[in-house]
Amino acid sequence: MTTQTHPVDHELIQAAAHVARTRCRGDNHTMAAAARAQDGRIVTTVNAYHFTGGPCAEMVLIGAAAAQGAYELNTIVAVGDRDRGVVPPCGRCRQVLLDYFPSLKVIVGEGDRIRTVLITDLLPESYVWADHQLGAE
Ligand SMILES: [Zn+2]
């Protein structure tokens, strides 16, 4: 695992925390995510919980960003409601985020251990879907 130090985008954490604090309601919306697009703008979302596997806030964010024309994301962070702070992406999100944005940075940790890591550092020895399709080199 490579350990590189990347600056922490505190404005992004604040954006997610604001949405978590003001938009999360009940059991349906318990997590917020914010991503910095390549052009600098911030996109925010909340999860859509459902027992059948409703999408995490990070998954909602991929579609919401695309709907705004932001197809390249630079950094992402998720923050829990009820002041739970930064929450790392689940395993499914790590895989999807890696496949969509191989050079994505993710803010993880809590308190004075908040840090920015590469998505590839969160999924070592990762499965790259595109490498296993028929016709792949
Ligand atoms: Zn997830």
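Calculation notes
Residues numbered from 1 in each chain as written. Predicted model: local features only at pLDDT ≥ 70, side-chain atom pairs only at ≥ 80, totals over all residues. Heavy atoms only, no water. Helix = DSSP H or I, 4+ residues; strand = E, 2+ residues; numbered from the N terminus. Rg over C-alpha atoms; globule rule 2.2 N^0.38 Å. Buried < 20%, exposed > 50% of the residue type's maximum accessible area, 1.4 Å probe, protein only. Contact = heavy atoms within 4.5 Å. Lys, Arg positive; Asp, Glu negative; His and termini not counted. Charge placed at Lys NZ, Arg CZ, Asp CG, Glu CD. Donors = N, O, S within 2.8 Å, 3.2 Å for Na, K, Ca; no water. Pairing = 2+ DSSP bridges. Axes fitted to C-alpha atoms, helices over the stretch in contact; angles between N-to-C directions. Parallel < 35°, antiparallel > 145°, perpendicular 65-115°, else oblique. Left-handed = near helix turned anticlockwise from the far one by under 90°. Core = buried A, V, L, I, M, F, W, Y, C linked by side-chain atoms within 4.5 Å. Polar contact = N/O pair within 3.5 Å; in protein donor to acceptor, adjacent residues only side chain to side chain. Expected span 1.5 Å × (residues − 1).

**Brief notes about the overall build of the chain**
Here is step 1 of the chain: Across its full length, the chain holds four helices and six strands.
Here is step 2 of the chain: When the helices and strands of the chain are placed in sequence order, the string is α-β-β-α-β-β-α-β-β-α.
Here is step 3 of the chain: On C-alpha atoms alone, the chain measures out to a radius of gyration of 15 Å, which is about the 14 Å that the 2.2 N^0.38 rule sets for 137 residues.
Here is step 4 of the chain: Expressed as lengths along the three principal axes of its C-alpha atoms, the size of the chain is roughly 45 × 35 × 25 Å.
Here is step 5 of the chain: Counting only residues that meet the buried cut, the chain has 42% of its 137 residues in that class.
Here is step 6 of the chain: A separation of at least 24 residues holds for 55% of the contacts in the chain among residues at least 6 apart in sequence.
Here is step 7 of the chain: Side chains of the chain give 12 positive and 15 negative charges; the mean places of these two sets differ by 8 Å.

**Things to note about the coordination of the zinc ion**
Ideal geometry at a metal gives 109.5 degrees between four tetrahedral donors and either 90 or 180 degrees between six octahedral ones.
Here is step 1 of the chain: The protein atoms that coordinate the zinc ion are Cys56 (SG), Cys90 (SG) and Cys93 (SG), at distances spanning 2.2 to 2.3 Å.
Here is step 2 of the chain: Sequence spacing of the donors to the zinc ion: C-x33-C-x2-C.

**Some details on the pairing of strand 5 (residues 105-108)**
Here is step 1 of the chain: Neither face of strand 5 is exposed, since Lys105 and Ile107 on one face and Val106 and Val108 on the opposite face are all buried.
Here is step 2 of the chain: The pairing of strand 3 (residues 73-80) with strand 5 spans two bridges and is parallel. In the sheet register, Thr75 faces strand 5, and the bridge partner there is Lys105.
Here is step 3 of the chain: What sits between strand 5 and strand 6 (residues 115-118) in their antiparallel hairpin is a turn of six residues, with Gly109 showing a positive phi close to 90°.

**Regarding the packing of helix 2 (residues 57-67) against helix 3 (residues 91-100)**
Here is step 1 of the chain: Between helix 2 and helix 3, the least distance of the axes is 9 Å, while the angle of their chain directions is 25°. Considering their axes alone, helix 2 and helix 3 lie roughly parallel with respect to each other. Taken as a pair, helix 2 and helix 3 cross one another with a handedness that is left-handed. Packed against helix 2, whose contacting residues are Glu58, Met59 and Ile62, the element helix 3 presents Cys93, Val96, Leu97 and Tyr100 at the interface.

**Points about the nonpolar core**
Here is step 1 of the chain: Ranked by internal contacts, the top residues of the largest apolar core, which has 25 residues, are Leu61, Leu73, Leu97, Leu104, Val106 and Ile119.
Here is step 2 of the chain: Sorting the residues of this core by element identifies strand 1 (31-37), helix 2, strand 3, helix 3, strand 5 and helix 4 (119-122) as the ones contributing at least two each.
Here is step 3 of the chain: Considering each element in turn, this core owes the most residues, five residues, to helix 2.
Here is step 4 of the chain: Ignoring any residue separated from it by four or fewer positions in sequence, one finds Val106 in contact with Ile76, Pro89, Arg115, Thr116, Val117, Ile119 and Leu122.

**With respect to the environment of Thr52**
Here is step 1 of the chain: Relative to the helices and strands, Thr52 resides in the loop between strand 2 (42-46) and helix 2.
Here is step 2 of the chain: The exposure class assigned to Thr52 is exposed, which follows from its relative accessible area of 63%.
Here is step 3 of the chain: Measuring from C-alpha to C-alpha, the distance between Thr52 and Ile62 comes to 20 Å, with ten residues separating the pair along the chain.
Here is step 4 of the chain: One polar contact links Thr52 to His50, side chain to side chain, over a distance of 2.6 Å.

**Regarding helix 1 (residues 10-23)**
Here is step 1 of the chain: For helix 1, which comprises 14 residues, the first-to-last C-alpha distance of 19 Å matches the rise-based estimate of 20 Å (1.5 Å per residue) to within 8%.
Here is step 2 of the chain: Looking at helix 1, one finds that the buried residues are Leu12, Ile13, Ala15, Ala16, Ala17, Val19 and Ala20.
Here is step 3 of the chain: Turning to helix 1, the residues buried within the fold contact strand 1, strand 2, strand 3, strand 4 (85-86) and strand 5.

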